[in-house]
Amino acid sequence: MSGMKSTARLLILLLAGIAAFAASASAQDSSIRFVARATPTGGLEEPVRGFPFYLLSKSFEEIGRDVEAAEPKPDRDAFISKLDLSPELKAWMKKNDCISLTGEDFIHKLKPADIMNVPEFYSAYLDRNAGDRSLDFPKPKFKASDRVKNPAKYEKLSAEYNEAIRRYIEQHPDSIDGIDLNFTQIDPSTKWNDVVGKRAPEIRRRTLDLAQSKYFVARTQTNLEGQGFLRGIPPGTYWLSTLDVAAIVGDARLRWDVRVTVRPGETNHVVLSNVNSVRLSRASP
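We now turn to the structure provided with this report. Please read these numbers as outputs of a predicted model, since none were measured by experiment. In this numbering scheme, every chain counts its residues from 1 along its sequence in written order. Reporting in this predicted model follows two pLDDT cut-offs: at least 70 for local features of residues, and 80 or more for side-chain atom pairs to be given and counted; totals over whole chains, interfaces and linings ignore these cut-offs and use all residues. Side-chain calculation: all heavy atoms of the structure are included, whereas hydrogens and water are not.

Let's shift gears to helix H4 (residues 87-95). Within H4, burial applies to Leu-89, Lys-90, Trp-92 and Met-93. One side of H4 carries all its buried residues, which in axial view fall inside an arc of 160°. Of the exposed residues in H4, those oriented more than 90 degrees away from the buried face are Pro-87 and Lys-95. In the core, the buried residues of H4 are packed alongside helix H3 (76-81), helix H5 (104-109), helix H6 (112-117) and helix H7 (119-130). The buried label applies to any residue whose accessible area, calculated with a 1.4 Å probe on protein chains only, is under 20% of its type's maximum; exposed applies above 50%, and partly exposed to all values in between. Helix and strand definitions here come from DSSP, where helices need a minimum of 4 consecutive H or I residues and strands a minimum of 2 consecutive E residues; each element is numbered from the N-terminal end. To obtain the arc, one takes the directions from the helix axis to the C-beta atoms. We call two residues contacting when some pair of their heavy atoms lies within 4.5 Å.

Only centres within 6.5 Å qualify two rings of Phe, Tyr or Trp (six-membered ring in Trp) as a pair; their planes then separate them into stacked at under 30 degrees, edge-to-face at over 60, and tilted for everything else. In the structure shown here, the tally under the stated rule is 12 aromatic pairs. Judged by centre distance (6.0 Å) and plane angle (80°), the rings of Phe-106 and Phe-183 are edge-to-face. Linking Phe-106 in helix H5 with Phe-183 in the loop between helix H9 (151-171) and helix H10 (189-197), this pair joins segments that are 77 residues apart in sequence. For the residue pair Phe-106 and Phe-183, the accessibility class agrees, reading buried in each case.

Quick look at the nonpolar core now. Only buried residues count toward a nonpolar core, which is a set of Ala, Val, Leu, Ile, Met, Phe, Trp, Tyr and Cys residues joined through side-chain atoms within 4.5 Å. By size, the foremost hydrophobic cluster in this structure holds 29 residues, and its most contacted members are Trp-92, Met-93, Phe-106, Leu-110, Phe-121, Tyr-125 and Ile-179. At the level of secondary structure, the elements contributing two or more residues to this core comprise H3, H4, H5, H7 and H9. Among the elements that take part in this core, H7 stands out by supplying 5 residues, more than any other. What Phe-121 contacts, discounting residues up to four positions off in sequence, is Leu-89, Trp-92, Phe-106, Leu-110, Asp-114, Ile-115, Ile-179 and Phe-183.

Topologically, Arg-279 is positioned in the segment after strand S10 (267-272). When the C-alpha atoms of Arg-279 and Leu-254 are compared, they prove to be 8.5 Å apart, with 25 residues separating the residues in sequence.

Set out below in structure tokens:
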């Protein structure tokens, strides 16, 4: 009989301890009350209604950067090496960190020595200037037949012609303009962009997966006044985030990833607005 009383007493003490611990833990838990408002250009501030917000234990932007850093980037030099171009052109592309063979940026990279040393550039330059040659544009003094009939003469005159072309380019740098029109068929930038583009969706998918699993703490949705409330949050540092979805109010497209420090037993008040929204300097992950 005494054994049963001891067991009952022990059970009562255990239950009381559990209740006390739960009450203590509950007293330590805190809340976050926030309001989200957006201001379109030339308009008035409006509440962000019925919009989902996530509380994360890590910044959504930082999660994306970590995923991007862990995802191997395509090897551009390896991509260039496999192109069906001359060895000289592929070496030039690697040296100049240039994947596009069209546009002003490409033209500005070209030097007279590049025109002379890369077969594709040289051929395109002559082709571009052949139809509108000024009186002072160099003219070859050799004939194709000289290559076989008189190789020495051909080599000498060919070298003189190339030197004259080089000097002409130096004296008339604008004569390079437009040669990129000859490269529309061989320009590999579109293919490279496709290779790079395949990486972005995978980074976005993994970022969202981690945000909604490993780093997920709580989720809520704003009411008609743009207010949201999160209860029972343990003390710590969190981020109030809309993930990669933008709240749209007029022409305003806002995402938030705001740091919030929660202290024991307190209600933290947060105001979300255009001011503390994420600056979209790049595409969303």
